[in-house]
Amino acid sequence: MISFSDDNDHQPDSSGEFTGASLTKPDMPKDFTICAAYMVEAWTTDWTSANLFQLIDRDGDHWASVYMFAADTSTEFSVYLGRVTIVAYSSSVVFPLTWTRVCVSLDTVTGNVRLVVNGEVLEEKVHKEALEEDTWRPDNLDMVLGYS
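Note that the coordinates shown come from a computational prediction; the quantities given were computed from them, not determined experimentally.

Caption draft 1: Looking closely at the overall build of the protein chain. A tally of helices and strands in the protein chain yields 1 helix and 10 strands. Going residue by residue from the N terminus, the α and β elements of the protein chain occur as β-β-β-β-β-β-β-β-β-α-β. With 148 residues in all, the protein chain has 40% of them scored as buried. Long-range contacts, defined as pairs at least 24 residues apart, comprise 52% of the intrachain contacts of the protein chain with a sequence gap of at least 6. Carbon and sulfur atoms provide 50% of the accessible area of the protein chain, an area that totals close to 8900 Å².

Next comes the structure, spelled out in structure tokens:
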């Protein structure tokens, strides 16, 4: 388990923006589960998105990302893990000052990818792309939470 709680001071940076937490994880396992909880102070009812977390290499190239697109009647989650792409919808909406919990799991032995939001399995499916050797996956990855 990796905790980013010490990096979260709830204060904007020098440009007035809130920044995400990041951590170098040179021994990121091939199979993993990443879970994170998010709370926003405000959210518009327009189609708005947030990059919840991502895995990037030392050059800043993205290998994995999870995006949340919130509307007034549903929430869309887009997951990119190498060559695997998932788009799943939840009937729950994002409310300010309410926690949203998101977990993504990758099992490269079985090819199983799972997306769970607030305890609800939005997708659990075998993706043949996850079974194949991912030549695009860097050896060393950095994890970034709350990128944008």
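Now that the structure has been shown, the text picks up again.
Caption draft 2: Focus on unusual backbone geometry. A positive phi angle, near 50°, is found at N118, a position not held by glycine. Examined against the element boundaries, N118 turns out to sit in the loop between β8 (112-117) and β9 (120-126).

Caption draft 3: Expanded view of the state of the cysteines. Under the criterion given, the structure shown has 1 disulfide. Between the sulfur of C35 and that of C103 lies a disulfide, 2.1 Å long from S to S. Taking the torsion about the S-S bond as the criterion, the C35 to C103 disulfide, at about 120°, is right-handed. One end of the pair, C35, is in strand β2 (residues 32-38); the other, C103, is in strand β7 (residues 100-107), with 68 residues separating them in the sequence.

Scoring rules and cut-offs
Residues numbered from 1 in each chain as written. Predicted model: local features only at pLDDT ≥ 70, side-chain atom pairs only at ≥ 80, totals over all residues. Heavy atoms only, no water. Helix = DSSP H or I, 4+ residues; strand = E, 2+ residues; numbered from the N terminus. Buried < 20%, exposed > 50% of the residue type's maximum accessible area, 1.4 Å probe, protein only. Contact = heavy atoms within 4.5 Å. Areas by Shrake-Rupley, 256 points an atom, 1.4 Å probe, with all protein chains shown as cover. Disulfide = S-S within 2.5 Å.

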